[in-house]
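This is what each chain is made of:
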Amino acid sequence: MKKPAALTSVLAAALATMLLAAPARADDFPAAISVSGEATVSAAPDLAQLDAGVANDAKTAKEASDANNAAMGKVLLALKGAGIDEKDYQTSRLSLQPQYAPNRSSGASPVVSFRASNRVTVKIRDVTKAAGIIDTLVSAGANDIGNISFEVTQASKLLDGAREQAVADARRKAEIYAKAAGVALGAPLSVSEGGGPVPLFKGRMATAPMAAASAAVAPGEETLSVTVNVSWSIRPAQ
(Lines give C-alpha, C1' and ligand atoms only; values in the text may rest on other atoms or scores of the structure.)
Protein backbone atom coordinates (compact mmCIF):
# COMPACT_ATOMS: atom_id res chain seq x y z
CA MET A 1 0.00 0.00 0.00
CA LYS A 2 1.40 3.41 -0.95
CA LYS A 3 1.89 6.07 1.69
CA PRO A 4 -0.20 9.20 1.20
CA ALA A 5 1.66 12.04 -0.54
CA ALA A 6 1.10 14.34 2.46
CA LEU A 7 2.75 11.80 4.79
CA THR A 8 5.69 11.43 2.44
CA SER A 9 6.17 15.19 2.42
CA VAL A 10 6.09 15.31 6.23
CA LEU A 11 8.70 12.51 6.50
CA ALA A 12 10.95 14.25 3.98
CA ALA A 13 10.74 17.54 5.87
CA ALA A 14 11.50 15.80 9.17
CA LEU A 15 14.55 14.06 7.65
CA ALA A 16 15.84 17.37 6.28
CA THR A 17 15.44 18.99 9.70
CA MET A 18 17.37 16.15 11.36
CA LEU A 19 20.22 16.52 8.87
CA LEU A 20 20.45 20.26 9.40
CA ALA A 21 20.42 19.86 13.17
CA ALA A 22 23.03 17.08 13.23
CA PRO A 23 26.36 18.14 14.75
CA ALA A 24 29.20 18.73 12.35
CA ARG A 25 31.85 16.06 12.19
CA ALA A 26 35.34 16.75 13.47
CA ASP A 27 36.75 16.61 9.95
CA ASP A 28 34.39 19.41 8.87
CA PHE A 29 36.52 21.90 10.84
CA PRO A 30 39.87 23.13 9.53
CA ALA A 31 42.86 21.53 11.17
CA ALA A 32 44.88 24.08 13.13
CA ILE A 33 47.69 24.62 15.59
CA SER A 34 46.91 27.09 18.40
CA VAL A 35 49.64 28.58 20.58
CA SER A 36 50.31 31.61 22.78
CA GLY A 37 53.17 34.05 22.32
CA GLU A 38 54.61 36.40 24.94
CA ALA A 39 56.82 39.49 25.01
CA THR A 40 57.80 42.19 27.51
CA VAL A 41 58.93 45.81 27.47
CA SER A 42 60.41 47.95 30.25
CA ALA A 43 59.86 51.68 30.70
CA ALA A 44 60.38 54.34 33.34
CA PRO A 45 57.12 55.39 35.02
CA ASP A 46 55.80 58.86 34.27
CA LEU A 47 53.15 59.13 37.01
CA ALA A 48 53.41 58.74 40.78
CA GLN A 49 50.46 58.50 43.15
CA LEU A 50 50.57 58.65 46.95
CA ASP A 51 48.32 59.05 49.97
CA ALA A 52 48.97 61.80 52.50
CA GLY A 53 47.00 62.92 55.51
CA VAL A 54 46.83 64.45 58.95
CA ALA A 55 45.45 63.04 62.19
CA ASN A 56 44.63 65.07 65.30
CA ASP A 57 43.58 64.07 68.82
CA ALA A 58 41.56 66.30 71.16
CA LYS A 59 39.30 65.98 74.19
CA THR A 60 36.13 66.84 72.26
CA ALA A 61 34.95 65.93 68.78
CA LYS A 62 34.71 69.61 67.79
CA GLU A 63 38.22 70.38 68.94
CA ALA A 64 39.62 67.42 67.04
CA SER A 65 37.63 68.29 63.91
CA ASP A 66 38.60 71.98 64.01
CA ALA A 67 42.28 71.15 64.49
CA ASN A 68 42.17 68.63 61.68
CA ASN A 69 40.46 71.02 59.27
CA ALA A 70 43.09 73.67 59.96
CA ALA A 71 45.93 71.19 59.52
CA MET A 72 44.54 69.79 56.25
CA GLY A 73 44.02 73.32 54.98
CA LYS A 74 47.76 73.92 55.32
CA VAL A 75 48.51 70.65 53.50
CA LEU A 76 46.24 71.57 50.59
CA LEU A 77 47.77 75.01 50.34
CA ALA A 78 51.22 73.41 50.29
CA LEU A 79 50.19 71.14 47.41
CA LYS A 80 48.89 74.09 45.45
CA GLY A 81 52.07 76.04 46.20
CA ALA A 82 54.15 73.09 44.94
CA GLY A 83 52.46 73.32 41.55
CA ILE A 84 50.07 70.37 41.94
CA ASP A 85 46.89 71.04 39.94
CA GLU A 86 43.66 70.90 41.98
CA LYS A 87 42.35 68.10 39.75
CA ASP A 88 45.30 65.96 40.83
CA TYR A 89 44.47 65.69 44.52
CA GLN A 90 41.28 64.35 46.04
CA THR A 91 40.01 63.49 49.52
CA SER A 92 40.19 59.72 49.92
CA ARG A 93 39.19 59.26 53.57
CA LEU A 94 37.67 61.45 56.28
CA SER A 95 36.92 60.17 59.77
CA LEU A 96 36.17 61.23 63.34
CA GLN A 97 36.42 58.43 65.90
CA PRO A 98 36.15 58.30 69.71
CA GLN A 99 39.18 56.95 71.58
CA TYR A 100 38.51 54.76 74.61
CA ALA A 101 40.44 54.20 77.79
CA PRO A 102 42.05 50.76 78.18
CA ASN A 103 39.44 48.22 79.23
CA ARG A 104 40.56 47.12 82.70
CA SER A 105 37.23 45.73 83.86
CA SER A 106 34.12 44.09 82.52
CA GLY A 107 32.36 47.45 82.24
CA ALA A 108 32.32 49.73 79.21
CA SER A 109 35.45 51.80 78.67
CA PRO A 110 34.92 55.57 78.80
CA VAL A 111 35.67 57.88 75.88
CA VAL A 112 38.85 59.80 76.70
CA SER A 113 39.37 61.72 73.44
CA PHE A 114 38.51 61.96 69.77
CA ARG A 115 40.68 61.44 66.70
CA ALA A 116 39.98 63.25 63.46
CA SER A 117 41.79 62.25 60.28
CA ASN A 118 41.74 63.39 56.69
CA ARG A 119 43.62 61.84 53.78
CA VAL A 120 44.11 62.90 50.19
CA THR A 121 45.33 60.98 47.15
CA VAL A 122 47.86 62.98 45.14
CA LYS A 123 48.93 62.43 41.54
CA ILE A 124 52.44 63.63 40.69
CA ARG A 125 52.89 63.89 36.93
CA ASP A 126 56.63 64.51 37.16
CA VAL A 127 58.03 61.57 39.13
CA THR A 128 61.34 63.38 39.65
CA LYS A 129 59.45 65.72 41.98
CA ALA A 130 57.97 62.94 44.15
CA ALA A 131 60.57 63.22 46.93
CA GLY A 132 60.24 67.01 47.01
CA ILE A 133 56.44 66.80 47.21
CA ILE A 134 56.70 64.39 50.14
CA ASP A 135 59.04 66.78 51.96
CA THR A 136 56.62 69.65 51.27
CA LEU A 137 53.72 67.65 52.70
CA VAL A 138 55.65 66.77 55.84
CA SER A 139 56.72 70.39 56.34
CA ALA A 140 53.07 71.46 55.99
CA GLY A 141 52.01 69.11 58.79
CA ALA A 142 51.13 65.83 57.10
CA ASN A 143 51.89 63.06 59.58
CA ASP A 144 50.58 60.04 57.65
CA ILE A 145 52.16 59.38 54.25
CA GLY A 146 52.38 56.14 52.31
CA ASN A 147 50.98 53.84 49.63
CA ILE A 148 53.05 55.35 46.86
CA SER A 149 52.85 53.70 43.45
CA PHE A 150 54.22 54.39 39.98
CA GLU A 151 52.58 54.00 36.60
CA VAL A 152 53.41 54.10 32.90
CA THR A 153 50.49 56.06 31.46
CA GLN A 154 51.19 55.22 27.80
CA ALA A 155 51.64 51.50 28.42
CA SER A 156 49.52 50.38 25.46
CA LYS A 157 51.52 52.43 22.94
CA LEU A 158 54.79 51.21 24.42
CA LEU A 159 53.59 47.63 23.98
CA ASP A 160 53.04 47.91 20.21
CA GLY A 161 56.55 46.62 19.50
CA ALA A 162 56.09 43.89 22.10
CA ARG A 163 52.89 42.80 20.36
CA GLU A 164 54.85 42.17 17.14
CA GLN A 165 57.41 40.21 19.14
CA ALA A 166 54.63 38.19 20.81
CA VAL A 167 53.19 37.18 17.42
CA ALA A 168 56.69 36.20 16.26
CA ASP A 169 57.07 34.14 19.43
CA ALA A 170 53.76 32.41 18.73
CA ARG A 171 54.86 31.61 15.15
CA ARG A 172 58.17 30.20 16.42
CA LYS A 173 56.33 27.85 18.76
CA ALA A 174 53.79 26.87 16.08
CA GLU A 175 56.55 26.01 13.63
CA ILE A 176 58.15 23.72 16.20
CA TYR A 177 54.86 21.88 16.68
CA ALA A 178 54.21 21.74 12.94
CA LYS A 179 57.63 20.24 12.24
CA ALA A 180 57.19 17.69 15.00
CA ALA A 181 53.77 16.73 13.59
CA GLY A 182 55.01 16.52 10.00
CA VAL A 183 52.83 19.35 8.66
CA ALA A 184 53.35 22.92 7.45
CA LEU A 185 51.81 26.15 8.71
CA GLY A 186 49.22 27.92 6.63
CA ALA A 187 47.60 31.32 7.11
CA PRO A 188 46.58 32.54 10.59
CA LEU A 189 42.95 31.75 11.39
CA SER A 190 42.62 33.97 14.45
CA VAL A 191 44.69 36.36 16.55
CA SER A 192 43.60 37.62 19.98
CA GLU A 193 45.31 39.42 22.83
CA GLY A 194 45.07 37.74 26.20
CA GLY A 195 44.02 40.36 28.77
CA GLY A 196 45.47 43.84 29.17
CA PRO A 197 49.09 44.93 29.69
CA VAL A 198 50.31 43.48 32.98
CA PRO A 199 52.93 45.26 35.13
CA LEU A 200 55.37 42.65 36.38
CA PHE A 201 57.27 44.91 38.79
CA LYS A 202 56.16 47.98 40.71
CA GLY A 203 58.15 51.02 41.70
CA ARG A 204 59.36 51.37 45.29
CA MET A 205 59.58 54.03 47.99
CA ALA A 206 61.84 54.03 51.02
CA THR A 207 60.89 56.94 53.24
CA ALA A 208 60.76 58.11 56.84
CA PRO A 209 58.39 61.12 56.61
CA MET A 210 58.91 62.29 60.19
CA ALA A 211 62.71 62.30 59.94
CA ALA A 212 64.76 65.39 59.16
CA ALA A 213 66.35 63.84 56.08
CA SER A 214 64.60 64.08 52.72
CA ALA A 215 62.44 61.19 51.58
CA ALA A 216 64.24 58.61 49.44
CA VAL A 217 62.13 57.63 46.42
CA ALA A 218 63.13 55.01 43.85
CA PRO A 219 60.69 54.92 40.89
CA GLY A 220 62.53 52.03 39.24
CA GLU A 221 61.08 50.63 36.00
CA GLU A 222 57.81 49.05 35.01
CA THR A 223 58.12 45.79 33.07
CA LEU A 224 54.95 45.20 31.05
CA SER A 225 53.99 41.93 29.41
CA VAL A 226 51.60 41.06 26.60
CA THR A 227 50.26 37.68 25.48
CA VAL A 228 48.68 36.83 22.12
CA ASN A 229 46.77 33.69 21.19
CA VAL A 230 47.16 32.65 17.54
CA SER A 231 45.69 29.76 15.54
CA TRP A 232 47.26 28.71 12.24
CA SER A 233 45.78 26.45 9.60
CA ILE A 234 47.98 23.51 8.68
CA ARG A 235 48.61 21.63 5.45
CA PRO A 236 50.62 18.57 4.45
CA ALA A 237 54.35 19.20 4.48
CA GLN A 238 55.92 19.49 1.02
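Residues numbered from 1 in each chain as written. Predicted model: local features only at pLDDT ≥ 70, side-chain atom pairs only at ≥ 80, totals over all residues. Heavy atoms only, no water.

K.L.:
Can you lay out helix H2 (residues 61-81) for me, pointing to particular residues and giving the numbers?
P.N.:
The terminal C-alpha atoms of H2 lie 30 Å apart, and with 21 residues this matches the ideal 30 Å at 1.5 Å per residue to within 8%. Restricting attention to buried positions, one finds in H2 the residues Ala-64, Asn-68, Ala-71, Met-72, Val-75, Ala-78 and Leu-79. Projected down its long axis, H2 carries its buried residues within an arc of 110°, all on one side. Within H2, the exposed residues directed more than 90 degrees away from the buried face are Lys-62, Lys-74, Leu-77, Lys-80 and Gly-81. Buried residues belonging to H2 abut strand E2 (47-58), strand E3 (89-100), strand E4 (111-124) and helix H3 (130-140). Looking at the residues trailing H2, positive phi occurs at Gly-83, about 90°. (Helix = DSSP H or I, 4+ residues; strand = E, 2+ residues; numbered from the N terminus. Expected span 1.5 Å × (residues − 1). Buried < 20%, exposed > 50% of the residue type's maximum accessible area, 1.4 Å probe, protein only. Arc of directions from axis to C-beta. Contact = heavy atoms within 4.5 Å.)

K.L.:
Please give an account of unusual backbone geometry that cites residues and values.
P.N.:
A positive phi angle, close to 55°, is found at Asn-147, a residue other than glycine. Mapped onto the elements, Asn-147 comes out in strand E5 (residues 144-151).

K.L.:
Mind laying out the pattern of salt bridges, listing which residues take part and the relevant values?
P.N.:
Between side chains of opposite charge, a pair can form as their charged atoms come close. Applying the stated criterion across every chain, the model contains eleven salt bridges. With its nearest N and O atoms 2.7 Å apart, the salt bridge here joins Asp-66 to Lys-62. Of this pair, Asp-66 and Lys-62 both sit in helix H2, four residues apart, which is roughly one turn of the helix. By relative accessible area, Asp-66 is classed as partly exposed at 39%. A salt bridge links Arg-171 to Glu-175; its shortest N-O distance comes to 3.8 Å. Highlighted residues: Arg-171 and Glu-175, both in helix H5 (residues 160-181), separated by four residues, approximately one helical turn. A residue is classified by how much of its surface remains accessible, and Arg-171, at 36% relative accessible area, is partly exposed. (Salt bridge = Lys/Arg side-chain N within 4 Å of Asp/Glu carboxyl O.)

K.L.:
Account for the sheet that holds E2, naming residues and giving values.
P.N.:
Within the open sheet, the four strands sit side by side as E3-E4-E2-E5. Their pairing is antiparallel. Edge positions in the sheet fall to E3 and E5, since each has one partner strand and no second. Within the sheet, the average angular offset between the axes of one strand and its neighbour, ignoring direction, is 15°. Here eleven bridges tie E2 to E4, and the two strands are oriented antiparallel to one another. Bridge pairing in E4 places Ala-55 opposite Ser-117. Contacting E2, E3 and E4, H2 runs over the sheet at an angle of about 15° to E4. (Pairing = 2+ DSSP bridges. Axes fitted to C-alpha atoms, helices over the stretch in contact; angles between N-to-C directions.)

K.L.:
How would you summarise the environment of Ala-101 if you had to cite specific residues and measurements?
P.N.:
Looking at where Ala-101 falls in the secondary structure, it is placed in the loop between E3 and E4. A C-alpha to C-alpha distance of 8.8 Å links Ala-101 and Ser-113, two positions twelve residues apart in sequence. Aside from chain neighbours lying at most four places away, what touches Ala-101 is Ser-109, Pro-110 and Val-112.

K.L.:
Kindly report on the side chain of Asn-68, identifying the contributing residues and their values.
P.N.:
Take Asn-68: it is sitting in helix H2. Polar contacts involving the side chain of Asn-68 include one to the main-chain carbonyl oxygen of Ala-116, which spans 3.1 Å. In this view, Asn-68 contacts Val-54, Ala-55, Asn-56, Ala-116, Ser-117 and Asn-118; residues no more than four positions away in its chain are not counted. (Polar contact = N/O pair within 3.5 Å; in protein donor to acceptor, adjacent residues only side chain to side chain.)

K.L.:
If you had to explain the nonpolar core to someone new, which residues and values would you point to?
P.N.:
Counting 24 residues, the largest nonpolar core has Leu-50, Val-75, Leu-79, Val-122, Ile-124, Leu-137 and Ile-145 as the members making the most contacts within it. Those elements giving two or more residues to this core turn out to be E2, H2, E4, H3 and E5. Setting aside chain neighbours within four positions, we find Leu-137 in contact with Leu-50, Ala-52, Val-75, Leu-79, Ala-142 and Ile-145. Core analysis: the second largest hydrophobic core is formed by 18 residues, Ala-170, Ala-174, Ala-178 and Val-226 among them. (Core = buried A, V, L, I, M, F, W, Y, C linked by side-chain atoms within 4.5 Å.)

K.L.:
Which residues make up the packing of H2 against H3, and what values go with them?
P.N.:
Helix-helix packing: each pair is described by the crossing angle between the helix axes and the interaxial distance. Running from N to C, H2 and H3 cross one another at 150°; their axes reach a closest spacing of 8 Å. With respect to their mutual orientation, H2 and H3 come out roughly antiparallel. Between H2 and H3 lies a crossing of right-handed hand. Across from Ala-71, Lys-74, Val-75, Ala-78 and Leu-79 in H2, the residues of H3 making contact are Ile-133, Thr-136, Leu-137 and Ala-140. Here the residues of the contact of H2 with H3 sort into seven nonpolar, one polar and one charged. (Parallel < 35°, antiparallel > 145°, perpendicular 65-115°, else oblique. Left-handed = near helix turned anticlockwise from the far one by under 90°. Nonpolar A, V, L, I, M, F, W, Y, C, P; charged D, E, K, R; others polar.)

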